[in-house]
Every structure is written in C-alpha cells, then in structure tokens.
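Below, each chain spelled out in residue letters.
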Amino acid sequence: MTQMTAYEEAIRAKVCAHCIDRTGRGICGTQQWEDCALNRFMPQIIGIVNAVKSDSLHDYVHALRSEICVSCRDNQDGDCGLRSSLECGLDRYFPLVVEAIEEVNMQAAA
Ligand code: SF4
Ligand code: SF4
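None of the values given here were measured: they were computed from a predicted structure.

A. A look at the overall build of the chain. The secondary structure content of the chain amounts to seven helices and two strands. Shown N-terminal to C-terminal, the secondary structure of the chain runs as helices and strands in the order α-α-α-α-β-β-α-α-α. A compact globule built from 110 residues should have a C-alpha radius of gyration of about 13 Å, and the chain, at 14 Å, falls within 12% of that. Projected onto its principal axes, the C-alpha coordinates of the chain cover approximately 40 × 35 × 20 Å.

B. Examining the site of ligand 2 more closely. Near ligand 2 the following residues occur: Ala37, Ile68, Cys69, Cys72, Asp74, Asn75, Cys80, Leu82, Arg83, Cys88, Leu90 and Asp91. Where the shell around ligand 2 is concerned, the elements lending two or more residues are α5 (81-84) and α6 (89-92). In the shell around ligand 2, the residues fall into eight nonpolar, one polar and three charged.

C. Region of the structure containing the confidence of the model for the chain. Chain-level pLDDT for the chain is 91 on average; 93% of the residues reach the 70-or-more range. Looking at the elements of the chain, mean pLDDT is at its lowest for helix α1 (residues 3-14), recorded as 91, and at its highest for helix α4 (residues 57-68), recorded as 98.

D. Highlighting the packing of α4 against helix α7 (residues 94-109). Where α4 contacts α7, the two axes come as close as 11 Å, and the packing angle between them is 105°. Compared by their axis directions, α4 and α7 come out roughly perpendicular. Across from Leu57, Tyr60, Val61 and Leu64 in α4, the residues of α7 making contact are Phe94, Pro95 and Val98. Taken together, the residues that form the contact of α4 with α7 break down as seven nonpolar, no polar and no charged.

E. Summary view of the site of ligand 1. The full set close to ligand 1 counts 12 residues, and Cys16, Cys19, Cys28, Cys36 and Gly89 are the nearest of them. The residue makeup of the shell around ligand 1, split by class, is seven nonpolar, three polar and two charged.

F. Representation of the environment of serine 85. By the element assignment, serine 85 lies in the loop between α5 and α6. Its 8 C-beta neighbours within 10 Å are what place serine 85 among the exposed residues. Sequence spacing of serine 85 and alanine 6 is 79 residues, and the spatial spacing of their C-alpha atoms is 31 Å.

G. The arrangement of unusual backbone geometry in detail. Backbone geometry places lysine 53, a non-glycine residue, at a positive phi of 50°. With respect to the secondary-structure elements, lysine 53 resides in the loop between α3 (42-52) and α4. By C-beta crowding, lysine 53 is classed as exposed, having 10 other C-beta atoms within 10 Å. Even without being glycine, aspartate 77 reaches a positive phi, approximately 50°. Mapping aspartate 77 onto the fold places it in the loop between β1 (75-76) and β2 (79-80). The exposed category is assigned to aspartate 77, around which 5 C-beta atoms lie within 10 Å.

Parameters and conventions
- Residues numbered from 1 in each chain as written.
- Chains lettered and ligands numbered in written order.
- Predicted model: local features only at pLDDT ≥ 70, side-chain atom pairs only at ≥ 80, totals over all residues.
- Helix = DSSP H or I, 4+ residues; strand = E, 2+ residues; numbered from the N terminus.
- Rg over C-alpha atoms; globule rule 2.2 N^0.38 Å.
- Near = placed C-beta within 6 Å.
- Nonpolar A, V, L, I, M, F, W, Y, C, P; charged D, E, K, R; others polar.
- pLDDT = per-residue confidence, 0-100.
- Axes fitted to C-alpha atoms, helices over the stretch in contact; angles between N-to-C directions.
- Parallel < 35°, antiparallel > 145°, perpendicular 65-115°, else oblique.
- Contact = placed C-beta atoms within 7 Å.
- Buried ≥ 20, exposed ≤ 12 C-beta atoms within 10 Å, placed from the backbone.

Set out below in structure tokens:
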C-alpha cells in the first residue's frame, strides 16, 4: 500500500465511516463526490497536516484556513457559510482527520 493510500484509508475509516452525511451503507451521502471539501482537497490536506508538526490543534486549523479554505469555492472573503452551518465535513471532522494522519505516521515509525 502506498503511503497516500494508507492516509486516505485511515481518514475514510476514522472520519467518513462516522460522518453524519454518509448513507446507512457507509457510502458518502453527499450528492456528488466533489460536494465535500475532504474529497476535493485530500492530497493537500495530507500535505498540510504532515508539514505542521505541532502539539496544538490551533496550528493545524490555521494551516487549513490559510492553505485550503483560501482556495475553496465556498470561501467568501474569509467567511464560509458551510463552515458556519457545520455543513463542511472537512471542517467538522478536522481534528479526527489530523488524528488519522498522525496515527498512520506513528505506525510507520514503529
Ligand atoms: S466526511 Fe465528506 S467525504 Fe467523508 S462521508 Fe462525510 S461528506 Fe462524505
Ligand atoms: S470550511 Fe468552508 S472554505 Fe474551508 S474547506 Fe470547508 S467549505 Fe471550504
């Protein structure tokens, strides 16, 4: 398994499997694949989390806002309606996304 696949599998298992937008069969329940920012930005998300290396979630959230939200189609001058209404799966589950990526790194280092 490539490292990128390992990260994505870990995120799918830790985040998507418990997402309120998935269907009863565990399939992403958004209308279209690209409706969730987690799908649209998967490689970039893995990249920023691996670049941050901090004990503070705040630093990861800062990277999310400054490197991904800025280029997201739903960003409006720093505000995001989906984020405000908790409709962005990436934002809603971001702490779990970070955890999933770090768990893969810990397994790889063990
Ligand atoms: S987090 Fe996004 S990609 Fe994952 S199941 Fe939820 S809506 Fe789908
Ligand atoms: S919080 Fe908003 S701007 Fe950021 S990734 Fe989600 S939908 Fe895009």
